[in-house]
Amino acid sequence: MTLVRSSRWRARGEMSSRYGLCLRVGFVVTFILSFQFGLTAAFPQPRHGDVRCSENEFLCLNGRCVSAEVLCNGSDDCNDQSDEQNCSVSGCGPHEFLCSNSTVCISRYQLCDNHQDCTSGADESGDLCEKRALQPESCGELDFLCGSGQCIELQSACDNFPDCSDSSDEVSCDQNECLEANGHCSHYCWDLPLGYECACPTGLELINHFICEDVDECRNPDLCDQICVNLPGSYTCECSQGYQKEPHAGTCQAAGEEPFVIVTNHGDIKSINVNRMEYLEIADGLHSATALSMDITSSTIFWSDDIHHGIFRKSVDQNRKDIRQILGDVQSPGGIAVDWIYSHIYWTDSRARTLSLATVDGLKRKTLFSTNLKEPTAIAVDPQSGCLYWADVGEPAKIETAGMNGVGRRILVSIGIEKPTGIALDYIKKRVYWVDSNLHKLFYTDLNGLYHSVFHSPKYLANPFGLAVFEDRAFWSDVDGKAVYSINRFREANVTVLAQNLTEPRGLVVFHRLMQPIVQNWCVEERAACEYLCVPAPYTEQHYTCLCPDGVIPIRSGHTCEKETDSGASSRERDDSASSRNDLNQLDAVSVGIIALIVIMLGFVMCCAAVHWQMIVGRVKTSSFCSVHLNAENSTNCSGQRTDSISQQFLLSE
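Residues numbered from 1 in each chain as written. Predicted model: local features only at pLDDT ≥ 70, side-chain atom pairs only at ≥ 80, totals over all residues. Heavy atoms only, no water.

**Some remarks on the overall build of the chain**
Broken down by element type, the chain carries seven helices and 42 strands. Here the chain holds 654 residues, and 40% of them are scored as buried. By sequence separation, contacts in the chain at least 24 residues apart represent 39% of the contacts at least 6 residues apart. Of the roughly 36,300 Å² of accessible surface on the chain, a fraction of 52% belongs to carbon and sulfur atoms. (Helix = DSSP H or I, 4+ residues; strand = E, 2+ residues; numbered from the N terminus. Buried < 20%, exposed > 50% of the residue type's maximum accessible area, 1.4 Å probe, protein only. Contact = heavy atoms within 4.5 Å. Areas by Shrake-Rupley, 256 points an atom, 1.4 Å probe, with all protein chains shown as cover.)

So, in structure tokens, the structure goes:
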């Protein structure tokens, strides 16, 4: 019994010692990590600017460190003149730079030009170039910078009378720098009474004061009507397919039939020949014809009617009087646009605040957008790129774009815009034009949202509505002016009045086959077997997307449709997933550090708990062994190894 009791107390002592040691180590390590984490957050590492100067640097009197290569270079790099003190007088001129460790002088124009002119590379040193970038010379372009820091008139230099206090304006006046290596100019070098300058031939521009490079004239977006081709030292304007260059003006004119403008006029729809300004009436007896679009291939026009709350269609043939309503239940149609490639029609509804599409026969219909629309108005489509564009006059007013399948929606213009009422596309130059009835202006933007003002007139743009662009001209209708106008959209010109004394001109299109170019139909090309609608998809590899009716979603294949069983649940799941991702993204470095400390502490606590549990189990087992009468075999097992069956027996007896 004594042997067993002694073993028990030794085991208990060993366990207690291990337990205490584990706790002490855990808390010490946790304290060290917490202290180090706190020091790191509170006291960041010293920055490079706080260290002492290196062997290759000069210590200024004010404590700054500058490169040794900028000593005695005529520039106050220390900001206290200490790097320019005790310098020997060099033979360099006031516009020259003395290379370090030599007597070579180079022009100050050669400093920091990405070309090493000094053998030592002092003219391209990082400290020197950073200094010049942060502290440009204070003298103006027509002034001369003296070595003393003064500024005098440039014409006063080299006039045989010293105007600088150090006479630096009369140094190196008769030197012709162009005689040596052409002044390092790539083309022309002009010697001046003081210094020299480089020049370039026509079509080239000067880069870094020495090198002439080709001027890209095509950077001017309005230089050519359609296509600009840059040439070495020049450029040329070309026309797109179907257009030919006018020999005198050099503009691109449409080949073939004459274009004519079609405009809705409240109770009728008129056609106006652009060249002869002849009026023809296409439809009459209407109630409130407003927005207008067309399909050139079928010679059909489409318009909306505010009174009948629908969209109608008719052939442009005057002999045909068949007017057909293709869509009803359109509360307040703001704008319509026909996709002439995929045979769809898109429209906005300002009262329902939606943007929708349907087949041109009106049999299949789909709502694309029903959120974040305030008062959508005009709309335009580009089947080639698969994108659509629309205006919204709500607060805030904006121009938006998205794929014709409803994907990739984004705001194109939202600044400098108040009431965009008409919108049109230039398919050749990739531009979006619009008129603003509050600002009385005509604008255009590229596809990146960089916009420009084209024309401003409170008289001719009093209350514009419809808009179209064709060739080099822009056409629009004005409700207050009761007229249709046009203007050259590339060059300043007078406004042309195409029609006046109208009733209420609103929707407007230019009817010509080049207004709707024939492009690839991906639904036909890739033999898409969509059950409901097939539309172009600009952001997918297969170039098309199948759409289903409202309230119905496509099945996994994407071509057929099935009813949505629990849209609310799936929407909530998507919202929860998005919320979880946002919460994870909001974890910063401090949060991660705190979590790491907590994990470490939990690890040590679990370790100590395991040791403590082992001590308890050992005490229980030892007590059990000592409370029974042991035979010789069991005594041996108690002091040495125990079998699993014996251990389980005593644990269960407890």
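**Focus: the nonpolar core**
When a protein is soluble and globular, its nonpolar side chains tend to lie buried together. Core analysis: the largest hydrophobic core is formed by 33 residues, its most contacted members being V261, I262, I301, W303, F470, F475 and V484. Per-element accounting of this core gives the leading share, four residues, to strand β38 (residues 505-511). Those residues in contact with I301, other than ones at most four positions away along the chain, are I262, I269, I282, L292, S293, M294, F312, R313, K314 and V316. Counting 25 residues, the second-largest nonpolar core is a separate cluster that includes F369, C523, C534 and L547. (Core = buried A, V, L, I, M, F, W, Y, C linked by side-chain atoms within 4.5 Å.)

**Some remarks on the side chain of E217**
With respect to the helices and strands, E217 occurs in the loop between β10 (211-214) and β11 (227-231). Within the buried core, E217 has no salt-bridge partner, and the shortest N-O distance to an opposite charge, that of R219, equals 7.7 Å. Every residue in contact with E217, bar those within four places of it in the chain, is listed here: G203, L223, N230, G233, S234 and Y235. (Lys, Arg positive; Asp, Glu negative; His and termini not counted. Salt bridge = Lys/Arg side-chain N within 4 Å of Asp/Glu carboxyl O.)

**Brief notes about empty space enclosed by the protein**
A probe as big as a water molecule, rolled over the atoms, marks out the empty space that is left. The final tally for this structure, using the stated rule, is two cavities of 30 Å³ or more. Around the largest cavity sit 31 residues that line it, and L292, I379, I423, L467 and V509 are the ones nearest its centre. Elements that contribute at least two residues to the lining of the largest cavity include exactly β18 (289-295), β22 (333-339), β26 (376-382), β30 (420-426), β34 (464-470) and β38. Of the residues that constitute the lining of the largest cavity, the class distribution is 23 nonpolar, eight polar and no charged. Taken as a whole, the second largest cavity encloses approximately 30 Å³ of empty space. Along the walls of the second largest cavity sit W340, D382, P383, Q384, Y427, P517 and V519, which together make up its complete lining. Class assignment of the residues belonging to the lining of the second largest cavity gives a composition of five nonpolar, one polar and one charged. (1 Å grid on protein atoms, 1.4 Å probe; cavity = no way out; pocket = protein on both sides within 12 Å on 5 of 7 lines; lining within 4 Å. Points joined across faces, edges and corners; volume = space filled by probe spheres on them. Nonpolar A, V, L, I, M, F, W, Y, C, P; charged D, E, K, R; others polar.)

**Observations concerning the pattern of salt bridges**
Under the definition given, this model contains 13 salt bridges. Linking K366 and D550 is a salt bridge whose minimum nitrogen-to-oxygen distance equals 3.9 Å. Taken together, the residues span a long stretch of sequence, with K366 in strand β25 (residues 365-369) and D550 in the loop between β40 (544-547) and β41 (552-554) at a distance of 184 residues. Note on K366: relative accessible area 16%, which makes it buried. Residue classification places D550 among the partly exposed residues on the basis of a relative accessible area of 47%.

**Description of the packing of aromatic side chains**
One pass over the full model with this rule turns up 13 aromatic pairs. For the pair W340 and Y427, a centre-to-centre distance of 5.8 Å together with 75 degrees between the ring planes defines the contact as edge-to-face. Pair noted here: W340 is in the loop between β22 and β23 (344-349) and Y427 is in the loop between β30 and β31 (431-436), with a separation of 87 residues, a long-range link. Ring pairing ties together the aromatic residues F455, Y460, W476 and Y485, which thus form one cluster. Above the face of the F369 ring, R409 is positioned so that its terminal group lies 4.9 Å from the ring centre. (Phe/Tyr/Trp six-rings, centres within 6.5 Å; stacked < 30°, edge-to-face > 60°. Lys NZ or Arg CZ within 6 Å of the ring centre and 35° of its normal.)

**Examining the sheet that holds β34**
Ordered in space as β34-β35-β36-β37, the four strands form an open sheet in which the pairing is antiparallel. Each edge of the sheet is formed by a strand with only one pairing partner; in this case those strands are β34 and β37 (496-499). With strand direction ignored, the average angle separating the axes of adjacent strands in the sheet is 25 degrees. Across three bridges, strand β36 (residues 483-488) lies against β37 in antiparallel orientation. The partner of V484 across the bridge, within β37, is A499. (Pairing = 2+ DSSP bridges. Axes fitted to C-alpha atoms, helices over the stretch in contact; angles between N-to-C directions.)

**What to know about the state of the cysteines**
Using the criterion set out here, one finds eleven disulfides in the structure. The disulfide partner of C224 is C237, and the gap between their sulfur atoms is 1.9 Å. One disulfide, between C224 and C237, carries an S-S torsion of -75 degrees and so falls in the left-handed class. With C224 in the loop between β10 and β11 and C237 in strand β12 (residues 234-238), this residue pair connects regions lying 13 residues apart in the sequence. The exposure class assigned to C224 is buried, which follows from its relative accessible area of 2%. Between the sulfur of C548 and that of C561 lies a disulfide, 2.0 Å long from S to S. Where C548 bonds to C561 through sulfur, the torsion about that S-S bond is close to -90 degrees, and the disulfide is left-handed. Placement of the pair is C548 in the loop between β40 and β41 and C561 in strand β42 (residues 561-563), with a sequence separation of 13 residues. For C548, a relative accessible area of 3% corresponds to the buried category. (Disulfide = S-S within 2.5 Å.)

**Here's the deal with unusual backbone geometry**
Between E395 and the following residue, P396, the backbone shows a cis peptide bond with an omega angle of 0 degrees. Along the chain, P396 falls in the loop between β27 (387-392) and β28 (398-403). A positive phi angle is found at N79, which is not glycine, with a value near 70 degrees. By relative accessible area, which is 41% here, N79 ends up partly exposed. Positive phi values are uncommon outside glycine, yet N501 reaches one of about 60 degrees.

**What to know about the sheet that holds strand β24 (residues 354-359)**
In spatial order, the strands read β22-β23-β24-β25; together these four strands make up an open sheet with antiparallel pairing. Two strands bound the open sheet, and with one partner strand each, they are β22 and β25. Looking at each pair of strands side by side, their axes are set apart by 25 degrees on average, direction ignored.

**Regarding the side chain of S437**
With respect to the helices and strands, S437 occurs in the loop between β31 and β32 (441-445). In this view, S437 contacts K419, T421, A462, N463 and P464; residues no more than four positions away in its chain are not counted.

**Comments concerning a nonpolar patch on the surface**
Among the surface-exposed residues, Y188, W190 and L192 lie close enough to one another that they form a single nonpolar patch of about 300 Å² accessible area. Tracing the backbone shows Y188 in strand β7 (residues 188-191). (Patch = residues over 30% accessible without salt bridge, like charges linked within 9 Å, V, L, I, M, F, W, Y side chains within 5 Å.)

**Some remarks on the environment of L467**
Here L467 is to be found in strand β34. Taking the C-alpha atoms as reference, L467 lies 8.1 Å from Y433; in sequence the two are 34 residues apart. Excluding residues that lie within four positions of it along the chain, L467 makes contacts with G422, I423, A424, Y433, W434, V435, L442, F475, W476 and L508.

**A closer look at the pairing of β31**
For β31, a buried count of six out of six residues is recorded, marking the element as mostly surrounded by other parts of the structure. Of the two faces of β31, both are covered, the one formed by R431, Y433 and V435 as well as the one formed by V432, W434 and D436. Sheet analysis places β30 next to β31, joined by six bridges and oriented antiparallel. From the neighbouring strand, I423 faces β31, where its bridge partner is W434. Of the strand pairs in this sheet, β31 and β32 are connected by five bridges, and their pairing is antiparallel. Following the sheet pairing, W434 is matched in β32 by F443. Here β31 folds back onto β32, and the loop between the two strands holds four residues, one of which, H440, carries a positive phi near 60 degrees.

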